[in-house]
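What follows is the residue order along each chain.
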Amino acid sequence: MPMEKTFDSAIAEGRIYAAWEDANAFAAGANASRDDTFCIMLPPPNVTGSLHVGHAFNHTLMDILTRWKRMQGFDTLWQPGLDHAGIATQLMVEKELADTQQPKRVELGREEFLKKVWEWKAAKGGTIEQQARRLGDSMDWSRSAFTMSGAETAPDTEKDGNFHDAVIRVFVDMYDKGLIYRGKRLVNWDPHFETAISDLEVENIEVDGHMWHFKYPLAGGETYEYVEKDEDGNVTLRETRDYISIATTRPETMLGDGAVAVHPSDERYAPIVGKLCEIPVGPAEHRRLIPIITDEYPDKDFGSGAVKITGAHDFNDYQVAKRGGIPMYNLMDTKGAMRADGKPYADEAAMAQAIANGTAEFTEATVAAMNLVPEDYRGLDRFEARKRVVADITAEGLAVSTLVKTIDEETNSEHLEKVPFVESKKIMQPFGDRSKVVIEPMLTDQWFVDTDKIVGPALESVRQGDVKIIPESGEKVFFHWLENIEPWCISRQLWWGHQIPVWYGPEVVDGQINQNANSSPKAFCAASGGEARKLAEAYYGELADVSYASNAAELTQKFYELGKLEGSEKPHVMLGRDPDVLDTWFSSGLWPFGTLGCAEDTPELHKYFPGDVLITGQDILFFWVARMMMMSQAVLHENPFHTVYLHQLVRDAKGEKMSKTRGNVIDPLDMIDLYGADALRMSNAAMAALGGVLKISEDRIKGYRNFGTKLWNACRFAEMNDAVGSDGAIPTPTAPVNKWIIGETGRVREEVDAALTAYRFNDAANALYAFVWGKVCDWYVELSKPLLMDGDADAKAETQATMAWVLDQCLILLHPIMPFITEELWGTLGTRDKLLVHADWPTYTAADLVDPEADAELGWTIAMIEGVRSARAQMNVPAGLKIPVLRLNTDAPAQVAWDNNQVMIKRLARIDSMTAVDEAPKGSLTVATPGATFALPLADIVDVDAEKERIAKSLGKVEKEAGGLRGRLNNPKFVESAPDEIVAEAKANLALREEEIAQLSAALDRLNEI
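For the structure given in this document, a descriptive report is provided here. (Residues numbered from 1 in each chain as written. Predicted model: local features only at pLDDT ≥ 70, side-chain atom pairs only at ≥ 80, totals over all residues. Heavy atoms only, no water.)

This brings us to the state of the cysteines. A full pass over the atoms with the stated rule returns 0 disulfides. We note that Cys715 lacks a disulfide partner, and the nearest cysteine sulfur, in Cys777, lies 7.2 Å from it. In this structure Cys810 is a free cysteine whose sulfur lies 6.6 Å from that of Cys777, the closest cysteine sulfur available. Exposure remark for Cys810: the relative accessible area of 1% places this residue in the buried category. (Disulfide = S-S within 2.5 Å. Buried < 20%, exposed > 50% of the residue type's maximum accessible area, 1.4 Å probe, protein only.)

Right, dumping it as structure tokens:
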């Protein structure tokens, strides 16, 4: 049955994908013909996610490599799966509960809420996996992993898989090795979700803010001479002060100040360093005095040069407080309101003052329990407290004032008036990327990985080249992050996730169970409650009977004697489990081996780990890539991959970030609906230049749809001429055109393999585009027509065989990038032993296939046609007009090429005759080819003066545009301040203009010859 006129991707793609799945074409090891393995791990998308352009881009690159390696016979695994996405999923379920008027999370309780989450996951989770099929992803779906599979809370339908076991066992192993600990540190705190979050989940947004300036009076009314000088050392201000001035954007945190810091070299404050100053807020009779200290952190040229140090509420202050041994007072509760617990403020302030005076010892626990929020502010929202603090300080006259001009409305006279000095300015405010509330730096008890102990092998792997990061610029970022690494906070105060496998009981002190409610609990880390109980039984011995809470018991330090178990005289200790869950980056850090069954030491683990290449966005180099490397080394003592391919954010055609507000979002599913998955994939591959800006546009995708149509039409032509059904054997033709195209096929195979080996996906795509469209669909199809239509039986037969083989090679080589249309054509053009997805990747080389004589002859023929076509186009010769050609000289090879191909040359170059002449007549245009020179007599065909005027006008316009671009690029301010992508775009535009100038100038020179 004849081929359809066009490829209907909307109908065909679903059918083709179903055929692949029915054949288990993507299963691990499918089509393997060698022992070598190739394993690539999909960066697990959130279970809540849907396919966006970033996914479509890196999925395309991963699929290209996977299909290529599978066709080469590697034992291949592309591992799919989903991340449970703690915050995102919990948010989705809570929204659904609200929308359907069900009880809130806290009303349901942890156990019932988690049932709701699993129900949501079963009904709506994993949408992205179905969408990935539409893109053509050839993952082994039978092995799709889920980071919460096998969890205690999972329903029976989700018990398969042991990723949860891997996470828990790794935690226990690292805890036992001293690599994980619980401690109090400053973290990003989301008051909406009431949990710590990672830096990646924080969006720093520039907003309108204020900088308030306040006076911190010196203790005892002490004064000093304050002197300011200019750059030359001249005194510009000298006055006696009884205060030190500070500026803050968060006045509510002043209540927790532990010190005021100045730079050691700041001469203005040298007289008062070591003295005490008063925090200007709170009941006057209980005002706290804090020390004035020196530290390298303050910038003496910014503001007053003095900085209040609130270690529990600012990351920079935290470091200063740690260096200086300054107490850090937490002022807020988990909801971002001012604390309302603890002792009366007078008692707490007195204790804090004793600490500041050095007359009272303090511990981290002592300070954490203290509440230094005065009664008038307790329970207030942090932003309401801010307003109250500012108003109270201002009312007391302790705001720094400035003089402003005012106009008396009655007299219209000017007056100078003192007003509080408040700067309105833009500030960077941290927001939760999902909650959209302001993030609060907060000092809390969390679980941490001691990254200092595990970072070394990851650093050395990259330094020594065992792991290659491309582009190389990624290595600098990698080293910067890991050489300055902080402890990794791995706990989250959520319900959805891997619950920390730690149970608590009372400590044993002096041989007795300590029932002091304020004592530190004893931790038992184990993979299950039963194992934790065994540890506890060994710890308590004969002192107590032990049981453990089967539910998610809240963490508490109140481990009292709970009576006695029946039949026992011993006290009864009930172990309570830590309620926190693990950060999703912790579980996803185990992805390279957790997906392969490391908890059970499976054959797949030994076969596919370590993997090969990781393809991911540069934004998660630290958050995920580096952590996978650290965790793999810590657990299995091997790197999880040998290459990390980093790509940038996919942007629109102008290089701008996509956003719904701008209206420039490109939905990959919409593009697939309109133009087919192959067109989107080819567009993705073509823009994947290493380190380049990724610009996607609908026009480009549409253009690659046309490329598919070109291939389809060439195959239809072949089918109509019985040039299909190759048996795979390389033909041995005699006709130069057939020899030439076989040689070109050898060249492009080598070029594609070299490009993919080096992860230059764009070079592979562009090479195939040029070969398939230009050399096969255009030149070869046209040059073969005389042999197919007018040649003798032998010439026709060999051309049919050659064309069938060449088109099959086009399909094979294109398949990793454009799998759907190539698979369809593969099945249409012949009877096959197996699907194209499992076709053998060719190994022939250009040296094997190139015939030098045929190559030279067809090279000359094409150059001749292109030369005449170019001259015609530049001179604006009507496309349908046939023109004469004059031959000035021809060497023997050129003459042979003309004689063998003159029919096609005349037809394709629109030549009606060729005559040998000794000299080109006036008004002719010369066309040079290797070994021959021709002349085109155009004086009587084109209006030379009109063409000169047209081209000169175009040239002037382009030169003006190029001049403007050169001016911008020669301006150092533009190059230094403009975003890299804007500078790169300007350079690219200038290069295009300069190329156009060269072409127009050449055309003008040619016209001047006539």
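What follows covers the environment of Cys810. Its place among the elements puts Cys810 in helix H24 (residues 793-814). As for Cys810 and Val748, which are separated by 62 residues in sequence, their C-alpha atoms are 9.7 Å apart. In this view, Cys810 contacts Phe771, Val772 and Val776; residues no more than four positions away in its chain are not counted. (Helix = DSSP H or I, 4+ residues; strand = E, 2+ residues; numbered from the N terminus. Contact = heavy atoms within 4.5 Å.)

Attention shifts here to the nonpolar core. Counting 164 residues, the largest nonpolar core has Leu65, Ile615, Tyr645, Phe761, Trp860, Met864 and Leu936 as its most contacted members. Considering every element that reaches this core, the biggest residue donor is helix H23 (residues 761-790), with 14 residues. Ignoring sequence-local partners within four residues, the contact set of Met864 consists of Val885, Trp898, Ile905, Ile911, Thr929 and Phe934. Counting 60 residues, the second-largest nonpolar core is a separate cluster that includes Ala458, Ile500, Trp624 and Met629. (Core = buried A, V, L, I, M, F, W, Y, C linked by side-chain atoms within 4.5 Å.)

For the rest of this paragraph, the subject is the packing of helix H12 (residues 455-463) against helix H13 (residues 473-483). Between two packed helices, the angle of one axis relative to the other and the distance separating the axes together describe the packing. Between H12 and H13, whose axes approach to 11 Å, the crossing angle comes to 160 degrees. Considering the angle they form, H12 stands roughly antiparallel to H13. When you trace H12 past H13, the crossing you get is left-handed. Counted together, Val455, Ala458, Leu459, Val462 and Arg463 of H12 and Glu475, Phe478, Phe479, Leu482 and Glu483 of H13 form the full contact between these two elements. Residue composition of the contact of H12 with H13, grouped by class: 7 nonpolar, no polar and 3 charged. (Axes fitted to C-alpha atoms, helices over the stretch in contact; angles between N-to-C directions. Parallel < 35°, antiparallel > 145°, perpendicular 65-115°, else oblique. Left-handed = near helix turned anticlockwise from the far one by under 90°. Nonpolar A, V, L, I, M, F, W, Y, C, P; charged D, E, K, R; others polar.)

A few words now on helix H29 (residues 944-969). Over its 26 residues, H29 extends 37 Å from the first C-alpha to the last, a length consistent with the 38 Å expected when each residue adds 1.5 Å. Within the span of H29, buried status applies to Val944, Glu947, Ile951, Leu955, Val958, Ala962, Leu965 and Leu969. (Expected span 1.5 Å × (residues − 1).)

Before going further, it helps to spend a moment on the side chain of Glu719. Its place among the elements puts Glu719 in helix H21 (residues 698-720). Buried within the structure, Glu719 lacks any salt-bridge partner; its nearest side chain of opposite charge belongs to Arg716, at an N-O separation of 5.7 Å. Here Met3 takes part through its backbone nitrogen, which lies 2.9 Å from a polar atom of the side chain of Glu719. (Lys, Arg positive; Asp, Glu negative; His and termini not counted. Salt bridge = Lys/Arg side-chain N within 4 Å of Asp/Glu carboxyl O. Polar contact = N/O pair within 3.5 Å; in protein donor to acceptor, adjacent residues only side chain to side chain.)

Our focus in this paragraph is the side chain of Gln72. Locating Gln72 in the fold gives a position in the loop between helix H2 (53-71) and strand S2 (75-79). What makes Gln72 buried here is its relative accessible area of 18%. When neighbours within four sequence positions are excluded, Gln72 is seen to be in contact with Ser33, Arg34, Asp753 and Trp841.

A word on the sheet that holds strand S5 (residues 180-190). A sheet is described by the order of its strands in space; here 4 strands give the open sequence S6-S5-S18-S20, paired in antiparallel fashion. Two strands bound the open sheet, and with one partner strand each, they are strand S6 (195-197) and strand S20 (488-489). Bridging between strand S18 (residues 440-449) and S20 involves 2 bridges; their strand directions are antiparallel. When the sheet's bridge partners are listed, Val449 is paired in S20 with Trp488. (Pairing = 2+ DSSP bridges.)

If you walk through the whole model with that rule in mind, you get 32 aromatic pairs. Seen from their ring centres, Trp898 and Phe934 are 6.5 Å apart, and the 35 degrees between their planes marks the pair as tilted. One end of the pair, Trp898, is in helix H28 (residues 892-909); the other, Phe934, is in strand S36 (residues 932-937), and 36 residues separate them in sequence. Of the two residues, Trp898 and Phe934, neither departs from the other in class, the shared state being buried. Chaining the aromatic ring pairs together yields one cluster made of Phe171, Tyr175, Trp447, Trp488 and Phe586. Sitting above the plane of the Trp495 ring, Arg105 keeps its charged end 4.7 Å from the centroid. When the ring centre of Trp826 is taken as origin, the NZ or CZ atom of Arg832, which lies over that ring, is 3.9 Å away. (Phe/Tyr/Trp six-rings, centres within 6.5 Å; stacked < 30°, edge-to-face > 60°. Lys NZ or Arg CZ within 6 Å of the ring centre and 35° of its normal.)

Our focus in this paragraph is the environment of Ala10. For Ala10, the location among the structural elements is in helix H1 (residues 9-22). Residues Ala10 and Ser144 lie 134 residues apart in sequence; the distance between their C-alpha atoms is 26 Å.

The next point concerns empty space enclosed by the protein. Counted by the stated rule, this structure contains 6 cavities of 30 Å³ or more. A volume near 80 Å³ is recorded for the largest cavity. If you go around the largest cavity, you meet 15 residues; those closest to its centre are Met41, Pro592, Gly611, Pro640 and Phe641. Sorting the residues of the lining of the largest cavity by element identifies strand S1 (37-41) and strand S29 (613-617) as the ones contributing at least two each. The dominant element in the lining of the largest cavity, judged by the number of residues it contributes, is S1, at 3 residues. In this model, the second largest cavity occupies a volume close to 60 Å³. Around the second largest cavity, the lining residues are His84, Gly86, Ile87, Glu201, Arg492, Leu494, Trp496, Gly497, Val581, Leu582, Asp583 and Thr584. Taken together, the elements giving at least two residues each to the lining of the second largest cavity come down to helix H3 (86-99) and strand S28 (581-582). Residue classes in the lining of the second largest cavity are distributed as 5 nonpolar, 4 polar and 3 charged. (1 Å grid on protein atoms, 1.4 Å probe; cavity = no way out; pocket = protein on both sides within 12 Å on 5 of 7 lines; lining within 4 Å. Points joined across faces, edges and corners; volume = space filled by probe spheres on them.)

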